[in-house]
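Chain residues, written in single-letter form:
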Amino acid sequence: MANLYIGLVHYPIMNKHKDVITTAITNYDIHDIARAAITYDVSKYFVIHNIPAQRQLAATIMEHWKTGFGSTYNPDRKDAFTGVELVNSIAVAVHNIEEIEGVKPIVATTDARTYDNTITYARMREHLENEARPVLVLFGTGYGMTKETMESFDYILEPIYGHGEYNHLSVRSAVSIILDRLRGEAWWNK
């Protein structure tokens, strides 16, 4: 079975005008994605931010729950942060995985559109269950990662489609849905 890693990317991100920006760290993203990551046995959750002050903000939030008052107020949250790592770039996250695993990970991301290198959830799940090479799934904030950044990845996971026409999930929701598709119980076999 391949190890699964995830990363929340804050730069390079596009805004609604297609300008390249850096998005801000949000408390809910750190908490909720950490909890989903530990639930689905993610090896490490990288919070990827290029601004040191934002990484320090994330570290302060995490320390409150790991060693501060929050660690006794809500011990479950303390456990969720054991697999979270703050890094300054996608390249550092990939390098850290390569150091841990001894091999460069397959890098995939998500988007609301399909591309030539789009892969289905079934195929990625099959890889995770039957192969050894680790996988890093990156999630963009804002209006998604730049096209140039996305073109450097191995795969783009197919879009998440709901029942209606509206298609603009929060990143926290998308992470949870995707982790369930990649690592959740095979409910369809029951």
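Since we're looking at a predicted model, the values are computed, not measured. (Residues numbered from 1 in each chain as written. Predicted model: local features only at pLDDT ≥ 70, side-chain atom pairs only at ≥ 80, totals over all residues. Heavy atoms only, no water.)

Caption draft 1: Spotlight on the overall build of the protein chain. For the protein chain, the helix and strand inventory stands at eight helices and nine strands. Taking 16 Å as the expected radius of gyration for a compact globule of 190 residues, we find that the protein chain reaches 16 Å, a close match to that expectation. Dimensions of the protein chain, computed from the C-alpha atoms along their principal axes, are close to 45 × 45 × 40 Å. Buried positions account for 44% of the 190 residues belonging to the protein chain. Taking the intrachain contacts of the protein chain between residues at least 6 apart in sequence as the baseline, contacts between residues at least 24 apart amount to 79%. (Helix = DSSP H or I, 4+ residues; strand = E, 2+ residues; numbered from the N terminus. Rg over C-alpha atoms; globule rule 2.2 N^0.38 Å. Buried < 20%, exposed > 50% of the residue type's maximum accessible area, 1.4 Å probe, protein only. Contact = heavy atoms within 4.5 Å.)

Caption draft 2: Structural context of the sheet that holds strand E4 (residues 44-48). Taken together, the seven strands give an open sheet; going across it, the order is E5-E4-E1-E8-E6-E9-E7, and neighbouring strands pair in parallel fashion. Pairing within the sheet leaves two strands with one partner each, and these edge strands are strand E5 (84-87) and strand E7 (118-119). Relative to E4, helix H5 (residues 90-101) is tilted by about 155 degrees, and along the sheet it contacts strand E1 (4-9), E4, E5, strand E6 (106-110) and strand E8 (135-140). (Pairing = 2+ DSSP bridges. Axes fitted to C-alpha atoms, helices over the stretch in contact; angles between N-to-C directions.)

Caption draft 3: Inspection of the environment of Ser71 at higher detail. In this structure, Ser71 sits in helix H3 (residues 69-73). We classify Ser71 as buried; its relative accessible area is 12%. Along the chain, Ser71 and Val135 lie 64 residues apart, while their C-alpha atoms are 31 Å from each other. Leaving out residues up to four positions away in the same chain, Ser71 has contacts with His64, Trp65, Lys66 and Lys78.

Caption draft 4: Expanded view of the UniProt feature "domain: tRNA (guanine-N(1)-)-methyltransferase C-terminal" (unreviewed entry) in the protein chain. Residues annotated in UniProt with the feature "domain: tRNA (guanine-N(1)-)-methyltransferase C-terminal" (unreviewed entry) correspond here to residues 3-183. Annotation note: span residues 3-183, helix share 44%, strand share 19%, distance between end C-alpha atoms 11 Å. (UniProt positions renumbered as here; feature names shortened; annotations may be inferred.)

Caption draft 5: Up close: the packing of helix H6 (residues 121-130) against helix H8 (residues 171-183). One can describe the packing of H6 onto H8 by two numbers: an axis separation of 8 Å at closest approach and a directional angle of 55 degrees. Judged by the inter-axis angle, H6 sits oblique to H8. From H6, Tyr121, Met124, Arg125 and Leu128 reach across to H8, where they touch Ile178, Asp180, Arg181, Leu182 and Arg183. (Parallel < 35°, antiparallel > 145°, perpendicular 65-115°, else oblique.)

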